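Each chain, written out:
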Amino acid sequence: MKVQMKVSPEELHDAAFLADPYPVWRRLQNEAPLFRDTIDDVWLLTRYEDVTSVLRDDVRFSTSLYQASFGRVIGDTFAQFD
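The shown structure was predicted, so the numbers you read here are calculated from the model rather than taken from an experiment.

*Asks:* Explanation requested: the overall build of the protein chain in the structure shown.
*Replies:* Broken down by element type, the protein chain carries 5 helices and 2 strands. A sequence separation of at least 24 residues applies to 27% of the contacts in the protein chain between residues at least 6 apart. Carbon and sulfur atoms provide 59% of the accessible area of the protein chain, an area that totals close to 6600 Å².

This is the structure in structure tokens:
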């Protein structure tokens, strides 16, 4: 039986990932659909169904924090709209 290692944040910043991100992305979807990249200090949501659920739920997943801080710096973007 082949055991895969969990994805590490370093893998997302490796040249191999930039050349072909799909194998790591598949592992993220299967092993860690909600993944914290501690290097960039961001969370990645990797499954389509989860992403669409978040985009449709503007009560639990609001962009109001973005609008109040970063949005003031760069203006309106897709990321700010609930």
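*Asks:* What's the story with the environment of R47 in this structure? I'm lost.
*Replies:* Among the secondary structure elements, R47 is positioned in the loop between β2 (42-45) and α3 (48-56). Between the C-alpha atom of R47 and that of W25, which follows or precedes it by 22 residues, the distance is 9.6 Å. In this structure R47 touches Q29, N30 and P33, once residues within four positions along its chain are discounted. Reaching out from R47, the side chain makes a polar contact with the backbone oxygen of Q29 at a distance of 2.8 Å.

*Asks:* Even after reading the chapter, I still don't get helix α2 (residues 22-31), so can you show me in this structure?
*Replies:* Residues spaced three or four apart along an α-helix point in a common direction, a consequence of the helix completing one turn every 3.6 residues. Of all the positions in α2, only V24, R27 and L28 are classed as buried. Along α2, the residues classed as buried sweep out an arc of 100° about the axis, all on the same side. Within α2, the exposed residues directed more than 90 degrees away from the buried face are Y22 and N30. Along its buried surface, α2 packs onto α1 (15-19) and β1 (34-37).

Quick notes on the rules
Residues numbered from 1 in each chain as written. Predicted model: local features only at pLDDT ≥ 70, side-chain atom pairs only at ≥ 80, totals over all residues. Heavy atoms only, no water. Helix = DSSP H or I, 4+ residues; strand = E, 2+ residues; numbered from the N terminus. Contact = heavy atoms within 4.5 Å. Areas by Shrake-Rupley, 256 points an atom, 1.4 Å probe, with all protein chains shown as cover. Polar contact = N/O pair within 3.5 Å; in protein donor to acceptor, adjacent residues only side chain to side chain. Buried < 20%, exposed > 50% of the residue type's maximum accessible area, 1.4 Å probe, protein only. Arc of directions from axis to C-beta.

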